[in-house]
Amino acid sequence: MSSRRKVLLMGKSGSGKTSMRSIIFANYIARDCSRLGPTIEVEHAHVRFLGNLVLHLWDCGGQESFMENFLVSQKDQIFKNVQVLIYVFDVESREFEKDLRYYQSCLEALLQNSPKAQVFCLIHKMDLIEEDHREETFKKREADVLRYSELAARPHQVERENAVCQCFKSSIWDETLYKAWSTIVYKLVPNVGIMEEKLKKFAAILDADEIILFERATFLVIAHAETREHKDSHRFEKVSNIIKQFKLSCRCHFELESMHVKNSSFSAFIDTFTANTFIMVVLRDGNASVAATQLNIKLARPHFEKLE
C-alpha cells in the first residue's frame with residue numbers, strides 16, 4: 001500500500017519553482033530551464049519515491065490572480081491534508097515585502113487547514129548575488145521570512161514541535177538546490193532512522209569512512225552514516241550534483257550501474273543498491289579491493305530492501 005505525501009510548491013510568478021521541480025524530478029539541466037513557461041493555476045505531479053512513498057506535488061502558479069484565488073475560493077482544496085509547504089522567494093525580487101505578505105497569507109491558510117504540515121522556504125536564485133555578499137543577503141532575507149512566519153503562527157496558537165519554518169539558500173546552478181531538497185525529502189522518508197542505524201553497522205563492518213544512500217531517480221541524499229568526521233559539510237550535495245550531471249550527459253548511451261573512483265588517499269564506490277537507491281561507500285584505503293567491496297554491497301542489499 002502506497003504512502004502519499006501532499007507537497008505544495010508555492011511562490012510568486014518567476015521565482016523559479018517550476019525550474020527547480022524540472023531539475024530535481026524531470027532530469028532537466030539548468031540551461032534548459034529557460035524554455036519553461038509560467039505555471040497556469042496548479043500543475044499536479046505524482047512522483048514515486050523509494051517504492052511505496054508517493055509525493056503528490058502541487059506546483060501552484062504564482063500570478064496574483066491565481067494567488068488570490070487560492071487564498072479565497074480554493075483555500076480548503078489547496079491547503080487541506082498538506083504534509084509539506086515549500087515556498088520559494090526570488091532573492092532579488094523588487095517587491096520582497098509584498099512577497100512576504102503573500103507568504104504570510106499562505107502560511108495562515110495552511111495552519112488553519114493542515115496545522116502539522118512542515119514548512120520550508122527557499123531563498124532562490126542566490127547565484128545572482130555577488131559571492132562575497134551571499135551569506136549576508138541570505139541571513140537578512142531569512143530573518144524577514146522567520147519574522148513573517150511567527151506573525152502568521154501567532155493568532156492560531158498552533159502547538160508545534162519544530163520551528164514554524166526552515167530556510168535554505170538555493171540556485172539551479174550549484175549543489176545548494178540538492179541540499180535543500182534532500183533535507184525536505186529526508187523528513188518525508190519513512191524508516192529513515194532504522195535505515196541509518198543499519199548503515200552505521202554496515203560502515204563498521206567495512207571499516208568505511210562513510211556510506212551514503214541516494215534516491216535512484218533524483219540522486220537526492222536520503223540517508224547516510226559516517227565513522228569519521230569530514231570537514232566539507234556540502235559534500236553530499238556536490239556528489240548528487242556531479243553524478244546527476246554525469247548521468248544526464250551519458251543518458252543516450254548507457255544507464256549508470258556502478259562507478260569506482262580512487263587516489264592514494266581513498267576509494268569511493270558508487271553502485272546500484274536496492275530497486276530505488278544507489279549506495280556510495282567511501283574507504284580510506286586507496287587500494288581497497290573492488291571485488292570484496294562489491295561483494296559486501298551485494299550481501300547487504302537484501303537487508304535494506306526489506307526496509308522499503
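Counting of residues starts from 1 at the beginning of each chain's written sequence and follows it residue by residue. Since the coordinates come from a predicted model, pLDDT governs what is reported: local features require at least 70, and pairs of side-chain atoms require 80 or more to be given and counted, while whole-chain, interface and lining totals use all residues. Values shown for side chains rest on all heavy atoms present in the structure; no hydrogens or waters enter the calculation.

Undergrad: Is there a simple way to explain the overall build of the chain in this structure?
TA: Secondary structure elements are taken from DSSP: a helix is a run of H or I of four residues or more, a strand is a run of E of two residues or more, and numbering for both begins at the N terminus. Helix and strand content of the chain: nine helices and eleven strands. Every one of the 308 residues in the chain was classed for burial, and the buried ones make up 52%. Any two residues having at least one pair of non-hydrogen atoms within 4.5 Å are treated as being in contact. Once local pairs closer than 6 in sequence are excluded, the contacts in the chain between residues at least 24 apart make up 67%. Using a 1.4 Å probe, the Shrake-Rupley method yields the accessible areas, and only the shown protein chains count as cover for residues. Looking at the chain as shown, the accessible area adds up to about 15,400 Å², and 49% of this sits on carbon and sulfur atoms. Only protein chains enter the accessibility calculation, which uses a 1.4 Å probe. A residue is then buried if its area is under 20% of the maximum for its type, exposed if over 50%, and partly exposed in between.

Undergrad: Would you mind showing me how to read the sheet that holds strand β3 (residues 53-60) here?
TA: Here, a strand pair is defined by DSSP locating no fewer than two bridges between the strands. Taken in spatial order, the six strands of this open sheet run β2-β3-β1-β4-β5-β6, and their pairing is mixed. Looking at the sheet topology across the chains shown, the edges are occupied by β2 (42-49) and β6 (166-169). Strand-to-strand twist across the sheet, computed as the mean angle between neighbouring axes with direction ignored, equals 20°. Here strand β4 (residues 84-90) pairs with strand β5 (residues 118-124) via seven bridges, running parallel. Each residue of the ladder has a partner; that of Asp90, found in β5, is His124. Simply put, an axis is a line fit to the C-alpha atoms, just over the touching stretch for a helix, and the angle between two N-to-C directions goes from 0 to 180 degrees.

Undergrad: Help me understand helix α9 (residues 290-305) in this model?
TA: In an α-helix, one full turn covers 3.6 residues, which means residues spaced three or four apart are oriented alike. One less than the number of residues in a helix, times 1.5 Å, gives the span that helix is expected to have. In this model, α9 (16 residues) spans 23 Å end to end at C-alpha, consistent with the 22 Å of a helix rising 1.5 Å per residue. At every residue, the bend is computed as the angle between two fitted axes, covering the seven residues ending there and the seven beginning there respectively. A bend of about 25° at Leu299 is the largest found in α9, and the proline Pro302 appears one to four places after it. Every buried residue belonging to α9 is among Thr293, Ile297, Ala300 and Phe304, and all of these are buried. For α9, the secondary structure elements touched by its buried residues are α7 (192-206), β7 (210-215), β10 (267-272) and β11 (277-283). If you check the start of α9, you find a side-chain oxygen 3.1 Å away from the backbone N of Ala292, and it comes from Ser289. Pairing of N or O atoms within 3.5 Å defines a polar contact, subject to two protein rules: one partner must be a possible hydrogen donor and the other a possible acceptor, and residues neighboring in sequence count only if both atoms are side-chain atoms.

Undergrad: How should the nonpolar core be read in this particular structure?
TA: Side chains that are nonpolar tend, in soluble globular proteins, to be buried together. Counting residues in hydrophobic clusters, the biggest one holds 50 residues, and the most contacted among them are Trp181, Ile211, Leu213 and Val281. Excluding anything up to four places from it in sequence, Ile211 contacts Leu199, Phe202, Ala203, Leu206, Ala223, His224, Ala225, Ile279, Met280 and Val281. Grouped together as the second largest cluster of nonpolar side chains are 37 residues, Met10, Leu71, Val91 and Leu110 included. Buried Ala, Val, Leu, Ile, Met, Phe, Trp, Tyr and Cys residues form a nonpolar core when they are joined through side-chain atoms within 4.5 Å.

Undergrad: Teacher, can you tell me more about the packing of helix α4 (residues 96-113) against helix α5 (residues 134-153) here?
TA: A packed helix pair is summarised by two numbers, namely the angle formed by the two axes and the spacing between the axes. It is the contact of α4 with α5, at a shortest axis distance of 9 Å, that shows an interaxial angle of 40°. Judged by the twist between their axes, the crossing of α4 over α5 is right-handed. Here Phe96, Glu97, Leu100, Arg101, Tyr103, Gln104, Leu107, Glu108 and Leu111 of α4 lie close against α5, whose contacting residues are Arg141, Asp144, Val145, Arg147, Tyr148, Ser149, Leu151, Ala152 and Ala153. Note on residue categories: nonpolar means Ala, Val, Leu, Ile, Met, Phe, Trp, Tyr, Cys or Pro, charged means Asp, Glu, Lys or Arg, and polar means any other residue, Gly included. A per-class count over the contact of α4 with α5 returns ten nonpolar, two polar and six charged. Whether a crossing is left-handed or right-handed is set by the direction in which the near helix is turned from the far one by less than a right angle, anticlockwise for left-handed and clockwise for right-handed.

Undergrad: Just checking my understanding: could you explain the packing of α7 against α9 for this structure?
TA: Interhelical geometry of α7 versus α9 gives an angle of 160° and a closest axis separation of 12 Å. As judged from the angle between their axes, α7 and α9 are roughly antiparallel. Handedness of the α7/α9 crossing: right-handed. Where α7 abuts α9, its residues Met195, Lys198, Leu199, Phe202 and Leu206 lie against Asn296, Ile297, Ala300, His303 and Phe304. For the contact of α7 with α9, the residue count by class is seven nonpolar, two polar and one charged. By the definition adopted for this analysis, an angle is roughly parallel if under 35 degrees, roughly antiparallel if over 145, roughly perpendicular if from 65 to 115, and oblique otherwise.

Everything listed here is a matter of geometry and, on its own, says nothing about what the molecule does.
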